[in-house]
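Single-letter residue listing:
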Amino acid sequence: MDRRCFCCASKFTIFKKECGCKSCGRSFCAGCLGFTVVLPAYGNTKQKICKKCHESITSGKDQSNSCSKWSPPENYKKRVAALESRQNQQKVMQMGPGLPHGGTNQKYEGLSAEDRAIAERLDKLKQETKPKTVASTAEIESRVQALQKDTQGRVPSLQEMEDRLAVLQGRTTPSRTTKPLHQPPRQENPD
């Protein structure tokens, strides 16, 4: 988004520099910051401020209430209200019309057959809360022995693993490719 002056909406460029109002902090061009006033937050030196801040300071209005100084545009308020209503409708749709009644037919109303089947399976999984059994020492030892028997077979060499990886990746296997030979540079006889 282009940076523009808050008052005159002119675009900031190399020749039209962006300045900030020391009171409200908004961005203005130098022409719109035509007022100076002593602000207690900046000591006894005069600071450049915008027209609205100058009017509020000279009229003696309370500056701490920023809502009185600025209110969002009406279109913004309408868009936020529409977004909130859409989100509320989505929440109602997600909760389902049949949840308070507890009926399964009403709960899945409006879903396709596949979605209904998935939702029913999820509900069944949520309801199934079987306590997990802790394996005994004998079971753990038998599992460890079974794992050790599987690893006691022949371990593939590095070359075999590289070949398998190359096949999986769709490359030619390194054992089949010819390796470049290094030839030392020729030395000339000083004769």
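Each remark here, short or long, concerns the structure printed above.
Residues numbered from 1 in each chain as written. Predicted model: local features only at pLDDT ≥ 70, side-chain atom pairs only at ≥ 80, totals over all residues. Heavy atoms only, no water.

## Considering the pattern of salt bridges
Phase 1 of the analysis: Summed over all chains, the structure comprises one salt bridge.
Phase 2 of the analysis: Note that Glu18 is salt-bridged to Arg3, the shortest N-O span being 2.4 Å. With Glu18 in the segment before strand E1 (19-20) and Arg3 in the segment before E1, the pair connects residues that are 15 residues apart, well separated along the chain. (Salt bridge = Lys/Arg side-chain N within 4 Å of Asp/Glu carboxyl O. Helix = DSSP H or I, 4+ residues; strand = E, 2+ residues; numbered from the N terminus.)

## Some remarks on unusual backbone geometry
Phase 1 of the analysis: For Ala9, which is not glycine, the phi dihedral falls at a positive 65°.
Phase 2 of the analysis: Relative to the elements of secondary structure, Ala9 occurs in the segment before E1.

## Focus on the packing of aromatic side chains
Phase 1 of the analysis: This structure, assessed with the given rule, holds one aromatic pair.
Phase 2 of the analysis: Ring centres of Phe6 and Phe28 lie 6.0 Å apart, and the angle between their planes is 80°; this geometry places the pair in the edge-to-face category. In this pair, Phe6 sits in the segment before E1 while Phe28 sits in strand E2 (residues 27-28), placing the two residues 22 residues apart along the sequence.
Phase 3 of the analysis: The partly exposed category is assigned to Phe6, whose relative accessible area is 40%.
Phase 4 of the analysis: Given the relative accessible area of 4%, Phe28 is considered buried. (Phe/Tyr/Trp six-rings, centres within 6.5 Å; stacked < 30°, edge-to-face > 60°. Buried < 20%, exposed > 50% of the residue type's maximum accessible area, 1.4 Å probe, protein only.)

## Quick word on the nonpolar core
Phase 1 of the analysis: Judged by nonpolar contacts, Cys5, Phe12, Cys21, Phe28, Cys29, Cys32, Leu33, Val37, Leu39, Ile49, Cys50 and Cys53 together constitute the single largest core of twelve residues.
Phase 2 of the analysis: Leave out the neighbours within four places in its chain, and Cys32 touches Cys5, Cys7, Cys8, Ile49, Cys50 and Lys51. (Core = buried A, V, L, I, M, F, W, Y, C linked by side-chain atoms within 4.5 Å. Contact = heavy atoms within 4.5 Å.)

## Digging into a nonpolar patch on the surface
Phase 1 of the analysis: Together, Ile118, Leu122 and Leu125 give the surface a local cluster of nonpolar side chains, amounting to about 290 Å² of exposed area.
Phase 2 of the analysis: Relative to the helices and strands, Leu122 is located in helix H5 (residues 113-127).
Phase 3 of the analysis: On the accessibility criterion, Leu122 (46% relative accessible area) is partly exposed. (Patch = residues over 30% accessible without salt bridge, like charges linked within 9 Å, V, L, I, M, F, W, Y side chains within 5 Å. Areas by Shrake-Rupley, 256 points an atom, 1.4 Å probe, with all protein chains shown as cover.)

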